[in-house]
Amino acid sequence: NTQHELEVALGDRRYPIRIGRGLLDQPGALAALVTGRHALVLTDVNVAPHYLAPVQAALRGKQVQTCVLPPGEQEKTLARFAEVMAVLAGMGASRDTTVLALGGGVVGDLAGFAAACWMRGVRFVQLPTTLLAMVDSAVGGKTAVDLPQGKNLVGAFHQPSAVLADVATLDTLPDRELRAGLAEVVKYGALGDAGFFAWLEDQAEALLAREPAALAEAIARCCAHKAAIVARDETEQGERMLLNLGHTFGHAIETEQGYGGLLHGEAVAVGMVLAARLSAELGRAPWPDAARLAALLERLGLPVALPPGLAPDALLDRMRLDKKAVSGALRLVLWRGIGQAEVVDGVTDEAILAVLDA
Ligand code: NAD
Ligand code: ZN
């Protein structure tokens, strides 16, 4: 079975997450998501040739503009955001415009931020086409673009009105991108669900082989987990911070590499291993759990050590600039072991440098 239907409930607001094969080939369902006259479909050059046509066909009769961006993290910029604003202005977009994000997390974050800003906020639909976007970025309403100084520094909370994850789109996803998505899947097990972590250890080969039922179940379990956390803490005042396990380290790596090195998911894999090791060094987590986490990530084909050439002090400086820092003092998501993350303030520079130097 590959069909799953979930919901994100935020007080009296709620929106559906539909997961299944062939969802993009149901024109009626897609058309129903665009309530007004105008729609802007944002996608990238890798995704458009495969999946833009059915979306356009479903929206026939609406005034539809498409914007096909170059791919990759280096494009999640203010300059691209300004381009999208110009497209919206050029098409005469009104307040009843719907922005559709057809692509991975880069397209989703940029489209979401555009939807948050155009006329102070218009409807927004997520059509994620990467595993990472399906399990993480498409759900929860965080939108942003990067600055050279740091990831996601300019952004807004803006929830989608629906998330449609067509698992068939993963058939064309490159292996490296699939594995990067699996890093965020492992994150959910590592931070809050030991049973799911064990399931992943069991299903690693099935997931790498893209078995449809295993993939759909993994996506549904991650979405359920994220939906529950977002429902309790939409704007990241507390519990939602745990979803950043591995991310302070990971963002530092991505930024230090100029967004052209490790993929986001890969950087998060390394970041989780570093967070686990730091936690073990501090006596907060058992060493065998840290080893088990690294072993699963490694089986999934993910990097588990810092790439060469990154200076520990430079990484630490980047970590201080990450959003999780509170007035200059580092706030880290650390770990108590498989299935339990925690937010910790006041970890010393020496302790952090020790794991960055190992
Ligand atoms: P991405 O959007 O760059 O997509 C990865 C690559 O796969 C791109 O080259 C893309 O063109 C290609 N691609 C996408 N779908 C494809 C398909 N079906 N077939 C073939 N190729 C396809 O990267 P991503 O990993 O999806 O997302 C990473 C971004 O998500 C980062 O910017 C990260 O900060 C962000 N993110 C945001 C949140 C959030 O809560 N908003 C959460 C996690 C990550
Ligand atoms: Zn992430």
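Residues numbered from 1 in each chain as written. Chains lettered and ligands numbered in written order. Predicted model: local features only at pLDDT ≥ 70, side-chain atom pairs only at ≥ 80, totals over all residues. Heavy atoms only, no water.

**Here's the deal with the overall build of the chain**
So, point 1. Assigned secondary structure in the chain consists of 13 helices and eleven strands.
So, point 2. On C-alpha atoms alone, the chain measures out to a radius of gyration of 20 Å, which is about the 21 Å that the 2.2 N^0.38 rule sets for 358 residues.
So, point 3. Oriented by its inertia axes, the alpha-carbon framework of the chain measures out at about 60 × 45 × 40 Å.
So, point 4. Taken over 358 residues, the chain has a buried fraction of 58%.
So, point 5. Of all intrachain contacts in the chain linking residues separated by at least 6 positions in sequence, the fraction that spans at least 24 positions is 76%.
So, point 6. For the chain, the exposed surface amounts to about 13400 Å²; the carbon and sulfur share of it is 52%.
So, point 7. Computed over 32 positive and 41 negative side-chain charges, the inter-centroid distance for the chain is 6 Å. (Helix = DSSP H or I, 4+ residues; strand = E, 2+ residues; numbered from the N terminus. Rg over C-alpha atoms; globule rule 2.2 N^0.38 Å. Buried < 20%, exposed > 50% of the residue type's maximum accessible area, 1.4 Å probe, protein only. Contact = heavy atoms within 4.5 Å. Areas by Shrake-Rupley, 256 points an atom, 1.4 Å probe, with all protein chains shown as cover. Lys, Arg positive; Asp, Glu negative; His and termini not counted. Charge placed at Lys NZ, Arg CZ, Asp CG, Glu CD.)

**Things to note about the pattern of salt bridges**
So, point 1. For the structure on display, the rule yields 27 salt bridges.
So, point 2. Between Arg320 and Asp317 there is a salt bridge, with its nearest N and O atoms 2.9 Å apart. Highlighted residues: Arg320 and Asp317, both in helix H12 (residues 312–321), separated by three residues, approximately one helical turn.
So, point 3. Given the relative accessible area of 46%, Asp317 is considered partly exposed.
So, point 4. Residue Glu342 pairs with Arg336 through a salt bridge whose shortest N-O separation is 3.0 Å. (Salt bridge = Lys/Arg side-chain N within 4 Å of Asp/Glu carboxyl O.)

**Digging into the nonpolar core**
So, point 1. Of all hydrophobic cores here, the largest spans 84 residues; its most connected members are Leu131, Trp335 and Ile352.
So, point 2. Here this core spans two domains, since at least three of its residues come from each of domain 1 (4–172) and domain 2 (180–357).
So, point 3. Counting residues in hydrophobic clusters, the runner-up holds 22 residues, among them Cys67, Leu69, Met91 and Ala101. (Core = buried A, V, L, I, M, F, W, Y, C linked by side-chain atoms within 4.5 Å. Domains from an automatic or database assignment.)

**Some points on the pairing of strand E10 (residues 331–337)**
So, point 1. The buried count for E10 comes to five of seven residues, which makes it a mostly enclosed element.
So, point 2. Bridge count for E10 against strand E11 (residues 340–345) is six bridges, and the pairing is antiparallel. Opposite Arg331, over in E11, you have Asp345 as the bridge partner.
So, point 3. Between E10 and E11, which pair antiparallel and follow one another directly, the connecting turn spans two residues, one of which, Gly339, has a positive phi of 95 degrees. (Pairing = 2+ DSSP bridges.)

**Details of the coordination of the zinc ion (ligand 2)**
So, point 1. Bound to the zinc ion (ligand 2) are the protein donor atoms Glu184 (OE), His247 (NE2) and His264 (NE2), situated 1.9 to 2.1 Å from the metal.
So, point 2. Sequence positions of the residues that donate to the zinc ion (ligand 2) give the spacing E-x62-H-x16-H. Here Glu184 is found in helix H6 (residues 175–192), whereas its partner His264 is found in helix H10 (residues 264–281), with 80 residues between them in sequence.
So, point 3. You can call His264 buried: its relative accessible area is 18%. (Donors = N, O, S within 2.8 Å, 3.2 Å for Na, K, Ca; no water.)

Note that all results are geometric; they support no functional claim without further evidence.
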